[in-house]
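# Residue-level structural notes
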Amino acid sequence: MGEPYDGLILGTGHNALVLHAYLARCGLRVLSLDRAAVAGGGLATEENPRLPGFRHNTHSFFHRALTAMPWYRDLELERHGARYVEPELNVALILPDGRSLQWWTDLDRTADSFAEFSRKDASALRRWVEKFRPIVEQILIPEAQSPPLPPDQRRTFLERSPLGRRLLEVAERSPLEFVQQEFEHDVIRAGLLFFNGLREIDLRLRGFGHAIPALLAGRHKAQMCVGGSAKLAEALVVDIREHGGEVRLGVGLKAILVRQGRAVGVELANGERIEVRAFVASGLNPQQTFLKLLDADAAPRAVREQAAKFQYNLIAPLFALNLALREPLRYKAAEQRPELNDAFMVILGLERLEQFHQIVAAHEQGQIPPTVMWGACPTLFDSNQAPPGRHTAFMWEKLPYALHGNPAEWDKEKEAHGRALLDLWSRFAPNLADGAVLDWFARSPLDTERQLPNMHHGDLLVGSFAQQQIGYNRPFPGAGQYRTPVDGLYLCGGSTHPGGNITGLCGYNAARVIAADLGLHLWWQPPDIEAILAAL
Ligand SMILES: Cc1cc2nc3c(=O)[nH]c(=O)nc-3n(C[C@H](O)[C@H](O)[C@H](O)COP(=O)(O)OP(=O)(O)OC[C@H]3O[C@@H](n4cnc5c(N)ncnc54)[C@H](O)[C@@H]3O)c2cc1C
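Everything numeric here is computed off the predicted structure, so don't read it as measured data.

### Brief notes about the packing of aromatic side chains
For the structure shown, the criterion picks out 22 aromatic pairs. Measuring from centroid to centroid gives 5.9 Å for Trp-128 and Phe-132, while their planes differ by 55°, and the two rings are tilted. Linking Trp-128 with Phe-132, this pair stays in helix α4 (residues 119-144), spanning four residues, or about one helical turn. Accessibility expressed as a relative area gives 2% for Trp-128, which makes it buried. With a centroid separation of 6.0 Å and an interplanar angle of 85°, the aromatic rings of Trp-374 and Trp-396 are classed as edge-to-face.

See the structure below:
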């Protein structure tokens, strides 16, 4: 037996890996455990088993503002092989009549595209970017990079400054009210709500009116990892190992061991017990952590009840169609606008705000809504993801987990739906029907849950952003600052603040809390959120 570990981390999603890397650099001896054969969770790039050399990003692909994340710099991930690109024509919404709404990394070009639909909306875009940029940079980014403050304390700070008051005022609306009040053209309204949808916030929910202007005002747009999303996970693992950390894969977890009210280790499915000196951190969801892995008497009943009530997003699950291609996509609309063949994220099937109501209603009924899809052709920007001259592409669609009331239906309908999606895509990109497709495969919301069980019901954000599950109260009151009611047990996955998606900030914030509890010197400089808000 070697030296006992200081800590254990459950799961190797990117948040767990970020946490591990920070603590390993503090000098702690930490072990990460995962049921999967490869580390990274949602950072997955799989080789096509039928066509070697074609690499598909089967979970996350669009990594927003990733290179601006503090951990990307602190952990020297470029030294470990990570590299990102941020394509200029960042998003294009292509309409059936060939027109397109375009978001560029350059605001002027985006405003020009908005102006083709509505000059008034182009001005509104510029106004909101200008109004919100200081809010994003001075409030929202530091808040995302810090353990959340209690809501009353936060509000008191924000009410003291004009910037804070502006944020609170806009936040009072719902995203739907925001676009209806501030923008006039239906295509622009639909496009803006689509971005809101990507964050999975219920567009009818008051309290989130700031979500869209915040996305518009962010300096960095969608980015992709060269070599595939898995490269980011590989770089994190390199850093962990360089600093003495260990990662064990393919292990089943049976229980979190608790002694005298304190988490002291885990028992694996094979009966092996691993004890630690200082902490256990879970990158899994609250039900897995508090109900499956903890004995009923290890946490107070109220905590188990709160964990049981943790909610998941109804409209987060994705259906994915992945293609291996002989040649890149050639969009019909590009005959008039050649730049569209070089667009990064392409949205198809979206034309009207009304479609969002149809999508929500279909999810509530377990039905397939009229198709709105979005995706990319990664090999346009990174030829390493396919053999020379060949390409990959994918489209995603938001579809209900419980299809016709039963998720198992997906295994029967997956192929047919994938084919239908391909047919629809071919209407926009006719070469898909003309021999460009070498191979394709689909993944359903049920497949997501099978592969990543923490994404309960296929919720890729690992928990909804309903009011009671955000900030200080995410995942639930009493466990909202990465600490839990069980001593020595912490949370660090997407079900904590600031939530799912590839941000790494759940792990980044958890590192600071755990290091502080263990009395460790912080080798990095996280923002001091109270001082920042007090100085606004
Ligand atoms: C199809 C799809 C597309 C997506 N696209 C994007 C995108 O473009 N941009 C974006 O930002 N986000 C995207 N996401 C969401 C993003 O992947 C997740 O929000 C993010 O990965 C959550 O990170 P995490 O750190 O919480 O852990 P996860 O990435 O969820 O990883 C959890 C880890 O825990 C392990 N685990 C789970 N249960 C157990 C268990 N019982 N025992 C042991 N180990 C376990 C899993 O194997 C996994 O390694 C997408 C997700 C999916 C499914």
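### Description of the packing of helix α5 (residues 151-159) against helix α6 (residues 162-171)
Packed helix pairs are specified by the crossing angle of their axes together with the interaxial distance, meaning the distance between the axes. Here α5 crosses α6 at 120°, and the two axes come no closer than 6 Å. Here α5 lies oblique to α6, going by the angle between them. Every residue of α6 that contacts α5 at Arg-154, Arg-155, Leu-158 and Glu-159 is listed here: Gly-164, Arg-165, Leu-167 and Leu-168. Taken together, the residues of the contact of α5 with α6 sort by class into three nonpolar, one polar and four charged.

### Some thoughts on the pattern of salt bridges
Scanning the model with the defined rule gives 31 salt bridges in all. Close ionic contact of Arg-248 with Glu-272 constitutes a salt bridge, the shortest N to O distance being 2.9 Å. A residue pair is termed long-range when its members are at least 10 positions apart, and Arg-248 in strand β10 (residues 246-249) and Glu-272 in the loop between β12 (262-268) and β13 (273-282) qualify at 24 residues. According to the relative accessible area criterion, Arg-248 is partly exposed, its value standing at 29%. Taking the shortest distance from any N to any O, the salt bridge between Asp-411 and Arg-450 comes out at 2.6 Å. Note that Asp-411 is positioned in helix α14 (residues 409-428) and Arg-450 in helix α15 (residues 445-451), a separation of 39 residues in sequence. A residue is classified by how much of its surface remains accessible, and Asp-411, at 42% relative accessible area, is partly exposed. Among the charged side chains, a salt-bridge network with shared partners connects Arg-25, Glu-76, Arg-79, Asp-239 and Glu-242.

### Some remarks on the sheet that holds strand β6 (residues 84-85)
An order of β5-β9-β6 is seen for the three strands of this open sheet, with the pairing classed as antiparallel. The sheet is open, and its two edges are formed by β5 (63-64) and β6, each paired on a single side. Two strands pair when backbone bridges link them, and β5 and strand β9 (residues 222-225) are joined in this way by two bridges, in the antiparallel orientation. Along β9, the bridge assignment pairs His-63 with Gln-223.

### With respect to the site of the ligand
With respect to spatial proximity, 31 residues lie near the ligand, and among them Asp-34, Gly-42, Asn-454, Leu-460 and Asn-501 are the closest. Between the ligand and Arg-35 there is a distance of 3.3 Å, counted from a nitrogen atom to a backbone nitrogen or oxygen. Gln-288 places a polar side-chain atom, nitrogen or oxygen, 3.1 Å from a nitrogen atom of the ligand. Bound to the protein, the ligand loses 94% of the 1,000 Å² it would expose on its own. Along the lines of polarity and charge, the residues of the shell around the ligand split into 12 nonpolar, 17 polar and two charged.

### What to know about empty space enclosed by the protein
A complete count under the given rule lists three cavities of 30 Å³ or more for this structure. Looking at the largest cavity, its volume works out to about 140 Å³. Every residue lining the largest cavity is counted, 14 residues in all, and those nearest its centre are Phe-194, Phe-356, Ile-359, Val-372 and Lys-398. Of all the elements in the fold, those that place two or more residues in the lining of the largest cavity are α8 (186-198), α13 (354-365) and β17 (391-398). When residues in the lining of the largest cavity are grouped by element, the largest group, three residues, is from α13. In this structure, the second largest cavity encloses a volume near 80 Å³. What lines the second largest cavity is Leu-329, Tyr-331, Leu-340, Asn-341, Ala-343, Phe-344, Val-346, Ala-376, Cys-377, Leu-380, Met-395 and Trp-425. When grouped by side-chain class, the residues that make up the lining of the second largest cavity number 11 nonpolar, one polar and no charged.

### Observations concerning unusual backbone geometry
Cis peptide bonds are those with omega within 30 degrees of zero, and the linkage from Arg-474 to Pro-475 qualifies with 5°. Note on placement: Pro-475 falls in the loop between α15 and β19 (489-491). In this chain, His-497 is followed by Pro-498 through a cis amide linkage whose omega measures 0°. In this fold, Pro-498 is placed in the loop between β19 and α16 (505-517). The residue Gln-260 is not glycine, and still its phi comes out positive at about 50°. Looking at where Gln-260 falls in the secondary structure, it is placed in the loop between β11 (253-259) and β12.

### Some points on the environment of Arg-119
Here Arg-119 is to be found in helix α4. For Arg-119, a relative accessible area of 68% puts it in the exposed group. Linking Arg-119 and Glu-184, residues 65 residues apart in sequence, is a C-alpha distance of 9.9 Å.

### A word on helix α1 (residues 14-25)
Between its first and last C-alpha atoms α1 spans 17 Å; for 12 residues at 1.5 Å apiece the expected length is 16 Å, and the two agree. Within α1, 12 of the 12 residues are buried, which leaves it mostly tucked inside the rest of the structure. The set of residues buried in α1 consists of His-14, Asn-15, Ala-16, Leu-17, Val-18, Leu-19, His-20, Ala-21, Tyr-22, Leu-23, Ala-24 and Arg-25.

Rules behind the numbers
For every chain, the first residue of the written sequence is number 1, and numbering continues from 1 along that sequence. In keeping with the predicted nature of the model, local features appear solely for residues at pLDDT of at least 70, side-chain atom pairs appear and are counted solely at 80 or more, and the whole-chain, interface and lining totals rest on all residues. Note that water and hydrogens are dropped before the side-chain values are worked out from all heavy atoms of the structure. For Phe, Tyr and Trp, where Trp contributes only its six-membered ring, two rings pair if their centres lie within 6.5 Å, and the inter-plane angle classes them as stacked under 30 degrees, edge-to-face over 60, or tilted in between. Starting at the N terminus, helices and strands are each numbered in turn, a helix being any DSSP run of H or I of at least four residues and a strand any DSSP run of E of at least two. Classification of residues uses two cut-offs on accessible area relative to the type maximum, computed with a 1.4 Å probe and protein chains only: under 20% is buried, over 50% is exposed, and between them is partly exposed. Convention adopted: a line fitted to C-alpha atoms gives each axis, helices being fitted over their contacting stretch, and angles between N-to-C directions are expressed from 0 to 180 degrees. When describing relative orientation, an angle under 35 degrees is termed roughly parallel and one over 145 degrees roughly antiparallel, while 65 to 115 degrees is termed roughly perpendicular and anything else oblique. Residue contacts follow a heavy-atom distance rule, with two residues in contact if any of their heavy atoms lie within 4.5 Å. Each residue is assigned to one of three groups, with Ala, Val, Leu, Ile, Met, Phe, Trp, Tyr, Cys and Pro labelled nonpolar, Asp, Glu, Lys and Arg labelled charged, and all others, Gly among them, labelled polar. Here, a salt bridge means any side-chain nitrogen of Lys or Arg that lies within 4 Å of a carboxyl oxygen of Asp or Glu. Strands pair, by our definition, only if DSSP identifies at least two bridges between them. Neighbouring residues are identified by heavy atoms, a residue being near a molecule or strand if any of them is within 4 Å of it. Counted as a polar contact is a pair of N or O atoms within 3.5 Å, where, for protein atoms, one must be capable of donating a hydrogen and the other of accepting one, and residues adjacent in sequence contribute only when both atoms are in side chains. Accessible surface is estimated by sampling points in the Shrake-Rupley manner with a 1.4 Å probe; for residues, cover comes only from the protein chains shown. In this analysis a 1.4 Å probe is tested at points of a 1 Å grid over the protein atoms alone, and where it fits but cannot get out there is a cavity; an open set with protein on both sides within 12 Å along at least five of seven lines is a pocket; lining residues have an atom within 4 Å of a point. Grid points are joined across faces, edges and corners, and a volume is the space filled by probe spheres set on the points. Helix span is expected to be 1.5 Å times the residue number reduced by one.

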